[in-house]
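# An overview of the molecular structure
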Amino acid sequence: MQLPAPRGPLTERLFAELARPPHAFGPPPAGPYGDRRGDPCFGEEDAQLALFVCYELHYQGVDGVDDRWEWNPSLLTLRERLETWFEGWLARRVPRPPAPPSREVPRALAALVAADDGPSLSAYLRSRANTAQFREFVVHRSIYQLKEADPHTWGIPRLLGRPKAALVEIQSDEYGGGRPERMHAELFRATMRGLGLDDSYGAYLGLVPGATLAITNVMSLFGLHRRRRGALLGHLAAFEMTSSLPNRRYSQGLRRLGGDAGARRYFDEHVQADAVHEQIAAHDMCGAFAAEHPGLTGDILYGAACALTLDRLFAEHLLGRWREGRTSLRETDAEVTVR
């Protein structure tokens, strides 16, 4: 992954520091970090990108950035301040659901998902999207899908017994059951190639807005903090419980636009797999975890609510831009590489 262009003073400062060997530096003032354009909906582009890059040091790293930055105390101080800001950003947008009794967690998750009334991005992509819009959608999704499953995998060493076994079962499927060519990230690369897109890791980081970055940032926030393990499991459960039908629609839309079986395989794979995963996630993983940790049932529901809310904000952004006849990506000269 290459560092993209900075989006404000936070990323200008961070990227300049990361270009040098690891060293101590003074962090910027604590938040709130504001988008200089005053965007009230999708947050502070500068802070979301800075947080994403801080997290990326725990994944595949960044080209030209020394791996020793990962645990540099100054970098971690900056990340902590960004996380404090992001937690407040989430709290303002995601009402915390009531904490159910532990035995009611699977039912409460199902009710939360059923009550979600966000716009249907998948229905639009199935029936109305043109090829340029579908390609934009895939560009947005590539920011997470090319590292698919990794943020939730942080939860494995934080669990024991039945919840751990359930999470491992889900993640094993995500990683192709030991077959590299069946890893979901690799299947998504085939989708990108089928649409004439660059399938290299993080190729489009500079083009996606904060609404897209927030989706991945929240997974990393939950995954990298043990105290957030309940929210991580709830997030994954909501992710799986809202996947099967949309992926069927994505496949239908791509077929309508001429996508071949190889390009559609990623979506087709998720139709059946996630129908199974949602049961495992709700009952064997979240239900069992709630039974062991009844004081964390509220965290489970909050993690699920964060997943649903950020997906709704993402859908509203794409559909709103497309209704206006505009690109859903950041309007820069690099946009032409997607069109």
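One structure accompanies this document, and this report is about it.

This part takes up the overall build of the protein. Within the protein, the regular secondary structure consists of 14 helices and zero strands. Reading the protein from its N terminus to its C terminus gives the helix and strand order α-α-α-α-α-α-α-α-α-α-α-α-α-α. Here the protein has a C-alpha radius of gyration of 19 Å; the compact-globule value for 339 residues is 20 Å, and the two agree. Taken along its principal axes, the extent of the C-alpha atoms in the protein is 50 × 50 × 40 Å.

For the rest of this paragraph, the subject is the layout of surface pockets. Its volume calculated, the largest pocket comes out at about 820 Å³. Lining the largest pocket are 40 residues, with Arg141, Thr242, Pro246, Tyr250 and Asp311 sitting closest to its centre. Mapped onto the lining of the largest pocket, the elements with two or more residues apiece are helix H5 (121-127), helix H6 (131-145), helix H10 (210-223), helix H11 (229-241), helix H12 (244-256), helix H13 (261-292) and helix H14 (297-323). Looking at side-chain class alone, the lining of the largest pocket contains 17 nonpolar, twelve polar and eleven charged residues.

Moving on: the pattern of salt bridges. Scanning the model with the defined rule gives 20 salt bridges in all. In this structure, the salt-bridge partner of Glu181 is Arg179, at a minimum N-O distance of 2.9 Å. Connected via shared salt-bridge partners are Arg321, Glu324, Arg326 and Glu331.

This part covers empty space enclosed by the protein. Tallying each qualifying case throughout the model produces one cavity of 30 Å³ or more. Quantified by volume, the largest cavity comes out at close to 40 Å³. Around the largest cavity sit Ile215, Val218, Met219, His235, Phe239, Ala307, Leu310 and Asp311, which together line it. Here the residues of the lining of the largest cavity sort into six nonpolar, one polar and one charged.

Under the defined criterion, the tally for this structure stands at zero disulfides. Cys306 provides the cysteine sulfur closest to Cys54, a residue in no disulfide bond, and the two sulfurs are 20 Å apart. The class for Cys54 is buried, based on a relative accessible area of 1%. Free cysteine: Cys286, not disulfide-bonded; nearest cysteine sulfur from Cys306 at 14 Å.

With that settled, consider the nonpolar core. Membership of the largest hydrophobic core comes to 74 residues, with the highest contact counts inside it found for Leu14, Phe86, Leu90, Leu121, Phe134 and Phe137. By residue number, the principal contributor to this core is H14, which donates ten residues. Setting aside its immediate chain neighbours within four residues, Leu90 contacts Val218, Leu221, Tyr302, Cys306 and Leu310.

Under the 1.5 Å per step criterion, the end-to-end length of H11 is 18 Å for 13 residues, consistent within 8% with the ideal 18 Å. Summarising burial for H11: twelve of the 13 residues are buried, a large majority. By the burial criterion, the buried members of H11 are Arg229, Gly230, Ala231, Leu232, Leu233, Gly234, His235, Leu236, Ala237, Ala238, Glu240 and Met241.

Moving on, we get to the side chain of Thr309. Within the element layout of this structure, Thr309 appears in helix H14. Take Thr309: its relative accessible area is 9%, and that puts it in the buried class. Those residues in contact with Thr309 that lie beyond four places of it in its chain are Arg93 and Val94.

This brings us to the environment of Arg79. Structurally, Arg79 can be placed in helix H3 (residues 73-93). For the pair Arg79 and Pro27, spaced 52 residues apart in the sequence, the C-alpha separation amounts to 9.4 Å. Not counting the four nearest positions on each side in its chain, Arg79 is found in contact with Leu51, Cys54, Tyr55, His58, Leu224 and His225.

This paragraph deals with the side chain of Asp46. Structurally, Asp46 can be placed in helix H2 (residues 45-56). For Asp46, a relative accessible area of 9% corresponds to the buried category. Within polar-contact distance, the side chain of Asp46 engages the backbone nitrogen of Leu10 at 2.7 Å. The contacts of Asp46, once residues within four sequence positions are left out, are Arg7, Gly8, Pro9, Leu10 and Thr11.

Definitions and cut-offs
Note that residues are indexed from 1 along each chain, following the sequence as it is written. pLDDT decides what is reported in this predicted model: residues at 70 or higher carry local features, side-chain atom pairs at 80 or more are listed and counted, and totals for whole chains, interfaces and linings draw on all residues regardless. Water and hydrogen atoms play no part in the side-chain values, which are based on all heavy atoms of the structure. In DSSP terms, a helix is any run of H or I states spanning at least four residues, a strand is any run of E spanning at least two, and both are numbered starting from the N terminus. As a reference, a globule follows 2.2 Å times the number of residues to the power 0.38, and the radius of gyration itself is taken over C-alpha atoms. Site definitions follow a grid-based scheme: protein atoms alone, a 1 Å grid, a 1.4 Å probe that fits but cannot get out for cavities, and for pockets an open set with protein on both sides within 12 Å along at least five of seven lines, plus lining residues having an atom within 4 Å of a point. Grid points are joined across faces, edges and corners, and a volume is the space filled by probe spheres set on the points. When residue character is reported, Ala, Val, Leu, Ile, Met, Phe, Trp, Tyr, Cys and Pro are called nonpolar, Asp, Glu, Lys and Arg charged, and the others, Gly included, polar. In the sections that follow, a salt bridge refers to a side-chain nitrogen of Lys or Arg positioned within 4 Å of a carboxyl oxygen of Asp or Glu. Working definition: a disulfide is two cysteine sulfur atoms within 2.5 Å of each other. To sort residues, take the accessible area from a 1.4 Å probe on protein chains only and compare it with the maximum for the residue type: under 20% means buried, over 50% means exposed, and anything in between is partly exposed. We call a set of buried Ala, Val, Leu, Ile, Met, Phe, Trp, Tyr and Cys residues a nonpolar core when their side-chain atoms join them within 4.5 Å. Every residue pair with non-hydrogen atoms within 4.5 Å of one another is taken to be in contact. The span one expects for a helix is its residue count, reduced by one, times 1.5 Å. Two N or O atoms form a polar contact when they lie within 3.5 Å of each other; inside protein one atom must be a possible hydrogen donor and the other a possible acceptor, and for residues adjacent in sequence the pair counts only when both atoms belong to side chains.

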